[in-house]
Amino acid sequence: QVQLVESGGGLVQAGGSLRLSCVASGLTFSSYFMGWFRQAPGKEREFVAAITWRIGGGTHYADSVKGRFTISRDNAKNTVYLQMNSLKPEDTAVYYCAGEYRLGSGWDYEDNYDYWGQGTQVTVSS
């Protein structure tokens, strides 16, 4: 069956960096649109970043992380990454990766993704 497993979360001081990884199995990874979402305590889950399945395709970011976070993928390793720099306390959340087969639009809408990881906690101290 399909599995998405996140790792790389932790505790970091404001201004620091973390790199999250999400390893996928049980699917043809190169055909999957991949996204990162996050959920802070008491808040709804929100879109963070996404990367298309198309070769040479693009990436998309929430305004709150644009210029600080970078999403990338390595299809040979079935892995999607989220490099997070200049972290702020408001970035504290559980981060989830998600995948959807050949998603064409609506990448920022969580209901468009069929597969989800279990989440990894990111805590940014001030």
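Scroll up to find the structure.
These numbers come from a predicted model, not from an experiment.

> I'd love a proper account of unusual backbone geometry, names of residues and values included.
Backbone geometry at Ser-86 places phi at a positive 50°, although glycine is not the residue there. Looking at the element boundaries, Ser-86 is found in the loop between strand 8 (79–84) and strand 9 (93–101). Owing to a relative accessible area of 42%, Ser-86 belongs among the partly exposed residues under this scheme. A positive phi angle is found at Arg-102, which is not glycine, with a value near 45°.

> Talk me through the pairing of strand 9; I want residue IDs and the actual numbers.
For strand 9, a buried count of seven out of nine residues is recorded, marking the element as mostly surrounded by other parts of the structure. Looking at chain direction, strand 4 (residues 32–39) and strand 9 are connected through eight bridges and run antiparallel. Residue pairing in the sheet places Phe-37 in a bridge with Tyr-96 of strand 9. With three bridges joining them, strand 9 and strand 11 (residues 120–125) adopt antiparallel strand pairing. Bridge pairing in strand 11 links Val-94 to Gln-121. Taken together, the two bridges between strand 9 and strand 10 (residues 115–116) define a ladder with antiparallel strand orientation.

> I'd like a description of the environment of Asp-91, backed by residues and values.
With respect to the helices and strands, the residue Asp-91 is situated in the loop between strand 8 and strand 9. It is 8.1 Å that separates the C-alpha atoms of Asp-91 and Ala-40, two residues lying 51 residues apart in sequence. Sequence-distant contacts of Asp-91, that is, excluding residues within four places in its chain, are made with Arg-38, Arg-68, Phe-69, Ser-86, Val-122 and Val-124. From its side chain, Asp-91 meets the backbone nitrogen of Lys-88 in a polar contact 2.8 Å long.

Rules of the game
- Residues numbered from 1 in each chain as written.
- Predicted model: local features only at pLDDT ≥ 70, side-chain atom pairs only at ≥ 80, totals over all residues.
- Heavy atoms only, no water.
- Helix = DSSP H or I, 4+ residues; strand = E, 2+ residues; numbered from the N terminus.
- Buried < 20%, exposed > 50% of the residue type's maximum accessible area, 1.4 Å probe, protein only.
- Pairing = 2+ DSSP bridges.
- Contact = heavy atoms within 4.5 Å.
- Polar contact = N/O pair within 3.5 Å; in protein donor to acceptor, adjacent residues only side chain to side chain.

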